[in-house]
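# Survey of secondary and tertiary structure
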Amino acid sequence: MKKMKKLPDAEFEIMKVVWAGEPPITANMIMQEHGKKEGWKVQTAITLLRRLVEREFLSTEKNGKDRVYFPMVNKEDYLKFETGKFIKQFHDNSVLNFINTMYDDKALNNEDIDELLKWAKERRG
């Protein structure tokens, strides 16, 4: 696989459907799960799927008249990539700065902080 890159929002939405489903995925499945809500035409879903194949997030093969798609990148790996990039870009690569920003913005409450402390203690062993 090439170096992982950030997905545009529409392609990320496609990948969320792929990750939530049982492979293989078809364009019709994408339309049922997400495309209709967005008002996409089938060709839009097909174009986005093709781009994901080009980016090596999906592989594809012909299955009768249909083209089916399989994930090549798992959700956890992509989320680790995105989260790491976000922390580095916006918080000087400091998780503490990120948590502090969330706390100052009232996005985290004391119960959330207690859970984080419990999680950190469990990780340290």
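Residues numbered from 1 in each chain as written. Predicted model: local features only at pLDDT ≥ 70, side-chain atom pairs only at ≥ 80, totals over all residues. Heavy atoms only, no water.

### Examining the pattern of salt bridges
Opposite charge on two side chains lets them pair, provided their charged atoms get close. Stated precisely, the cut-off is as follows: By convention in these notes, a salt bridge is any Lys or Arg side-chain nitrogen within 4 Å of a carboxyl oxygen on Asp or Glu. By definition, any uninterrupted DSSP run of H or I lasting at least four residues is a helix, any uninterrupted run of E lasting at least two residues is a strand, and each is numbered from the N terminus. Relative accessibility decides the category of a residue: with a 1.4 Å probe and only protein chains considered, values under 20% of the type maximum give buried, values over 50% give exposed, and everything between is partly exposed.
If you walk through the whole model with that rule in mind, you get four salt bridges. Two residues, Arg55 and Glu11, come together in a salt bridge whose shortest N-O distance is 2.6 Å. With a gap of 44 residues between them, Arg55 in the loop between α3 (42-54) and β1 (58-63) and Glu11 in helix α1 (residues 9-20) connect regions that are remote in the sequence. For Arg55, a relative accessible area of 30% translates into the label partly exposed. With a closest N to O distance of 3.2 Å, Lys16 and Glu13 form a salt bridge. Taken together, the residues Lys16 and Glu13, both in helix α1 and three residues apart, mark about one turn of the helix. Classification of Lys16 by relative accessible area gives partly exposed; the value is 36%.

### Points about the pairing of β1
Looking down a regular strand, the side chains alternate between one sheet face and the other. For clarity, the threshold we go by: When DSSP finds two or more bridges between two strands, those strands count as paired.
Across six bridges, the pairing between β1 and strand β2 (residues 66-71) is antiparallel. Within β2, the position partnered with Ser59 by the bridge is Phe70. Connecting the antiparallel pair β1 and β2 is a turn made up of two residues, with Gly64 showing a positive phi of about 70°.

### Focus on α1
To keep it simple, the criterion reads: Any helix carries an expected span of 1.5 Å times its number of residues minus one.
Given a rise of 1.5 Å per residue, twelve residues ought to cover 16 Å, and the 17 Å separating the end C-alpha atoms of α1 matches this to within 8%. Residues of α1 that are buried include every one of Glu11, Ile14, Met15, Val17, Val18 and Trp19, and no others.

### Describing the nonpolar core
Burial of nonpolar side chains together is a common tendency in soluble globular proteins. Put simply, the rule reads: Residues grouped as a nonpolar core are buried Ala, Val, Leu, Ile, Met, Phe, Trp, Tyr and Cys residues, joined through side-chain atoms within 4.5 Å. We call two residues in contact when some of their heavy atoms are within 4.5 Å.
Residues Ile14, Ile30 and Phe57 are the most contacted members of the largest nonpolar core, which totals 21 residues. Listed by contribution, the elements that provide at least two residues to this core are α1, α2 (27-38) and α3. Tallying contributions element by element places α1 first for this core, with five residues. Excluding residues within four positions of it along the chain, Ile30 makes contact with Ile14, Val17, Val18, Ile25, Gly35, Trp40, Ala45 and Leu49.

### Remarks on a positive patch on the surface
We apply this condition: Like-charged residues within 9 Å of one another, or nonpolar side chains (Val, Leu, Ile, Met, Phe, Trp, Tyr) within 5 Å, are grouped into patches, provided each residue has over 30% relative accessible area and no salt bridge. Areas reported as accessible are Shrake-Rupley estimates using a 1.4 Å probe. Residue values count occlusion only from the protein chains shown. Under this rule, positive means Lys or Arg and negative means Asp or Glu; His and the chain ends count for nothing. In plain terms, the charge of a residue is placed at NZ if it is Lys, CZ if Arg, CG if Asp and CD if Glu.
Together, Lys3, Lys5, Lys85 and Lys88 give the surface a local cluster of positive charge. Following the sequence through the fold, Lys5 ends up in the segment before α1. Look at Lys5 and you get exposed, because its relative accessible area is 57%.

### Here we look at the side chain of Glu82
If you trace the backbone, Glu82 turns up in helix α4 (residues 75-91). In this structure Glu82 touches Lys6 and Leu7, once residues within four positions along its chain are discounted.

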